[in-house]
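Coordinates in review
What follows is the residue order along each chain.
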Amino acid sequence: MHGWASNEPQVVQDVRDEQKLSKNDPASLCDTNERVLGLYWDRNEDTLSFNVGLNKIRADLANGTKPPTKREFFSVAMSVYDPLGILAPFTLQSKLIMQDIWRSGIKWDGPIREKEFKIWLVWLKNLAEMKNVKIPRCFLFSDFDNVKVQLHIFCDASLKAYATVAYLRMETRDGRVRTALIMSKSRVAPVKPMSVPRLELQAAVLETRLAAMIEKEIEITIHERVFWTDSTTVLHWIRADPSRKQMFVANRLGEIGEATKVAEWRWVPTSLNPADDTTRPSEVPMHSDDRWLVGPMFLLEKPESWPRPKSLNESEKRKINELEARKEFIGTFQIDMPDNWNTLDVRYRVLGWDRIREVATVVRKYFYIWLDNVRKRQGENTTDRATRYRRRHREKSKLKRPIGPPAHRRIESEEDRLRESENVWFRVIQASLFSHEMALLEKGKELPRGSKLISLDPIVDEKGLLRARGRVVQV
């Protein structure tokens, strides 16, 4: 190695002695402020600070004498390098201004409106203060082997944005506690309006994803996870059945349920929620001792002193259950059916024509078997029994002819069986729709002029079927 950097003076001295380099040699040791992954590392204080890129802003834009164009504002806002979201309360303000500028519809080289320009001036003033924000490079205890590590993630949402932030809480065996900011994620609310409960749920999903990423990437064993939210609605939804909610809510609750346990979720008051600092940004510049950077103070206390779950009464639970509930539609309709309507149409739609024809074939088959058994056991005349059966059926169906062939006529071939089964259903259909016309024709009377069948000159044949009289018969 040709360049060295260390926060330990003894290490620096050993390098000088071993390499026999001059103390004034600039190539041997790095400067006090060394760049590390886009951040500045102060070796003496062992802290990290941020490069805000003020030298890249034109003088007329930096002093506020001229409003920036849309292109210039986007260039300045995106120049703040903050991959871990340490400055999220500040950078999210620029994202909100971006959204407003985009909604205004101005061209890329057009100046921003007066409304956004005033916010820009405040944001630019705070940008200059960001270079003074410093965070510790190392957040671990020296005797890390005997430390219990907890991952605490907070989330919050407003109508403008939602965010989540993660802290490590480390506690030694002798009771010393330290908290450290790991990273955060923030999103502006969609342009399409969305309810606050849905945005809170989006924040909870982002919280879950952030926890999974930290556990995967950080080389520290995490013994316990705690997910914090100030939304009682989201907590109630997580403990409920997702299938009872609308698809938007159900899908996100399903993702949360797969990645977390219900017991890991806790309620925190809005006043103690550090994620609230991002979703409701302030014009006050950020400082190194802000709650956002050091974590909420209650994490330094014993778990018994942490916020207690907020209890809900039955009325509040009922209102929450009604939110985003999956609606069950029960359709009712009324159909005016004729008096002679039958259920054949339903049977046909369910079974199909071939199936109901097979049913009629089987019924007729066992009907004749039954007749034969009766004749054998009692010696009765099968024709008389069949006649009585047909008479009873004729009275019920208002038919003047039997519904099937005489009992003494046996059907031998399969084709004849199917044809006779079809005739059974034809007779049932005709009897249900044209019972009055068939009764008149069987008595030899003429059909009334208002009948739908009068133009067909119908007749009832020897099988009891209603047929149109052919032209050959009329000749």
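Residues numbered from 1 in each chain as written. Predicted model: local features only at pLDDT ≥ 70, side-chain atom pairs only at ≥ 80, totals over all residues. Heavy atoms only, no water.

Some thoughts on the overall build of the protein chain
Counting secondary structure elements, the protein chain contains 17 helices and 11 strands. The 475 residues of the protein chain split such that 40% are buried. Long-range pairs, those at least 24 residues apart, make up 68% of the contacts in the protein chain between residues at least 6 apart in sequence. For the protein chain, the computed accessible surface area is about 28900 Å², with 52% contributed by carbon and sulfur atoms. (Helix = DSSP H or I, 4+ residues; strand = E, 2+ residues; numbered from the N terminus. Buried < 20%, exposed > 50% of the residue type's maximum accessible area, 1.4 Å probe, protein only. Contact = heavy atoms within 4.5 Å. Areas by Shrake-Rupley, 256 points an atom, 1.4 Å probe, with all protein chains shown as cover.)

As for the sheet that holds strand β9 (residues 265–267)
Read across the open sheet, the 5 strands follow the order β7-β6-β5-β8-β9; overall the sheet is mixed. Looking along the sheet, the strands with just one partner apiece sit at the ends: β7 (177–188) and β9. Looking at each pair of strands side by side, their axes are set apart by 25° on average, direction ignored. Relative to strand β6 (residues 161–172), strand β5 (residues 147–157) runs antiparallel, the two sharing 11 bridges. In the sheet register, Val 149 faces β6, and the bridge partner there is Met 170. Its contacts with the sheet place helix α6 (residues 196–217) against β5, β6, β7, β8 (224–229) and β9, and it is angled at close to 150° to β5. (Pairing = 2+ DSSP bridges. Axes fitted to C-alpha atoms, helices over the stretch in contact; angles between N-to-C directions.)

Observations regarding the pairing of β7
Both β6 and β7 contribute to a ladder of 11 bridges, which runs antiparallel. By the bridge assignment for β7, Leu 168 is matched with Ala 180. Here β6 hands over to β7 after 4 residues, with Gly 175 in that stretch at a positive phi of 95°.

What about the nonpolar core?
The biggest cluster of nonpolar side chains holds 43 residues, and the ones touching the most others in it are Phe 73, Trp 120, Trp 123, Leu 127, Phe 154, Trp 292 and Leu 293. Contributions of two or more residues to this core are made by β2 (39–42), β3 (47–50), α3 (70–77), α4 (88–104), α5 (114–129), β6, β8 and α10 (291–294). Setting aside chain neighbours within four positions, we find Leu 127 in contact with Val 52, Leu 54, Ile 57, Val 76, Val 80 and Phe 90. Within the second largest apolar cluster, 39 residues are counted, among which are Val 147, Leu 199, Trp 265 and Ile 320. (Core = buried A, V, L, I, M, F, W, Y, C linked by side-chain atoms within 4.5 Å.)

So, a nonpolar patch on the surface
The grouping of Val 362, Tyr 366 and Ile 369 at the surface amounts to a nonpolar patch, some 280 Å² of accessible area in total. With respect to the helices, strands and loops of the structure, Ile 369 is situated in helix α13 (residues 353–378). (Patch = residues over 30% accessible without salt bridge, like charges linked within 9 Å, V, L, I, M, F, W, Y side chains within 5 Å. Salt bridge = Lys/Arg side-chain N within 4 Å of Asp/Glu carboxyl O.)

Topic: the pattern of salt bridges
Under the defined criterion, the tally for this structure stands at 19 salt bridges. The shortest N-O distance in the salt bridge between Arg 209 and Glu 255 comes to 2.7 Å. Of this pair, Arg 209 sits in helix α6 while Glu 255 sits in helix α8 (residues 247–259), and the two are 46 residues apart along the sequence. Residue Arg 225 pairs with Glu 264 through a salt bridge whose shortest N-O separation is 2.9 Å. Here the residue Arg 225 occupies a position in strand β8, and Glu 264 occupies one in the loop between α8 and β9, the gap between them amounting to 39 residues. By relative accessible area, Arg 225 is classed as buried at 16%. Since its relative accessible area comes to 14%, Glu 264 is described here as buried.

Some points on the packing of aromatic side chains
The geometry of two aromatic rings is summed up by the distance between their centres and the angle between their planes. If you walk through the whole model with that rule in mind, you get 14 aromatic pairs. The interplanar angle of 10° and the centroid separation of 5.7 Å between the aromatic rings of Phe 154 and Trp 228 together place this pair among those described as stacked. Of this pair, Phe 154 sits in strand β5 while Trp 228 sits in strand β8; the two residues are 74 residues apart in sequence, bridging distant segments of the chain. No difference in accessibility class separates Phe 154 from Trp 228, as the two residues are buried. (Phe/Tyr/Trp six-rings, centres within 6.5 Å; stacked < 30°, edge-to-face > 60°.)

Overview of unusual backbone geometry
Phi at Asp 46 is positive, roughly 55°, even though this residue is not glycine. Overall, Asp 46 belongs to the buried group, its relative accessible area being 15%.

Notes on helix α7 (residues 232–239)
Counting buried positions over the 8 residues of α7 gives 6, a clear majority of the element. Buried within α7 are the following residues: Thr 233, Val 234, Leu 235, His 236, Trp 237 and Ile 238. Looking at the buried residues of α7, the elements they touch are α6, β8, α8, β9 and α11 (314–322).

As for the environment of Glu 200
Locating Glu 200 in the fold gives a position in helix α6. A sequence separation of 30 residues divides Glu 200 from Asp 230, and the C-alpha atoms of the two residues are 8.9 Å apart. Apart from residues no more than four positions distant in its own chain, Glu 200 is found in contact with Asp 156, Ala 157, Thr 229, Asp 230, Ser 231 and Val 234.

Here's the deal with the packing of α7 against α11
In the contact formed by α7 and α11, the axes pass within 10 Å of each other and the chain directions differ by 75°. With respect to α11, the element α7 is oriented roughly perpendicular. On α11, the residues touching Thr 232, Thr 233, His 236 and Trp 237 of α7 are Lys 317, Ile 320 and Asn 321. Here the contact of α7 with α11 is composed, by residue class, of 2 nonpolar, 4 polar and 1 charged. (Parallel < 35°, antiparallel > 145°, perpendicular 65-115°, else oblique. Nonpolar A, V, L, I, M, F, W, Y, C, P; charged D, E, K, R; others polar.)

Remarks on the environment of Leu 121
Within the secondary structure layout, Leu 121 lies in helix α5. Counting along the chain gives 59 residues from Leu 121 to Ala 62, while the straight-line C-alpha distance between them is 8.6 Å.

Focus: the packing of α3 against α5
Two numbers describe how α3 lies on α5: the axes approach to 12 Å, and their chain directions differ by 30°. Taken together, the axis directions place α3 and α5 in an arrangement best described as roughly parallel. Crossing hand, α3 versus α5: left-handed. In this structure, α3 contributes Phe 73, Val 76 and Ala 77 to the contact, and α5 contributes Trp 120, Trp 123 and Leu 127. (Left-handed = near helix turned anticlockwise from the far one by under 90°.)

Some words on the confidence of the model for the protein chain
Here the protein chain shows a mean pLDDT of 80. Residues at 70 or above account for 77%. A low-confidence stretch, residues 396–409 (pLDDT under 50), is modelled with 36 contacts involving residues beyond four sequence positions or located in other chains. (pLDDT = per-residue confidence, 0-100.)

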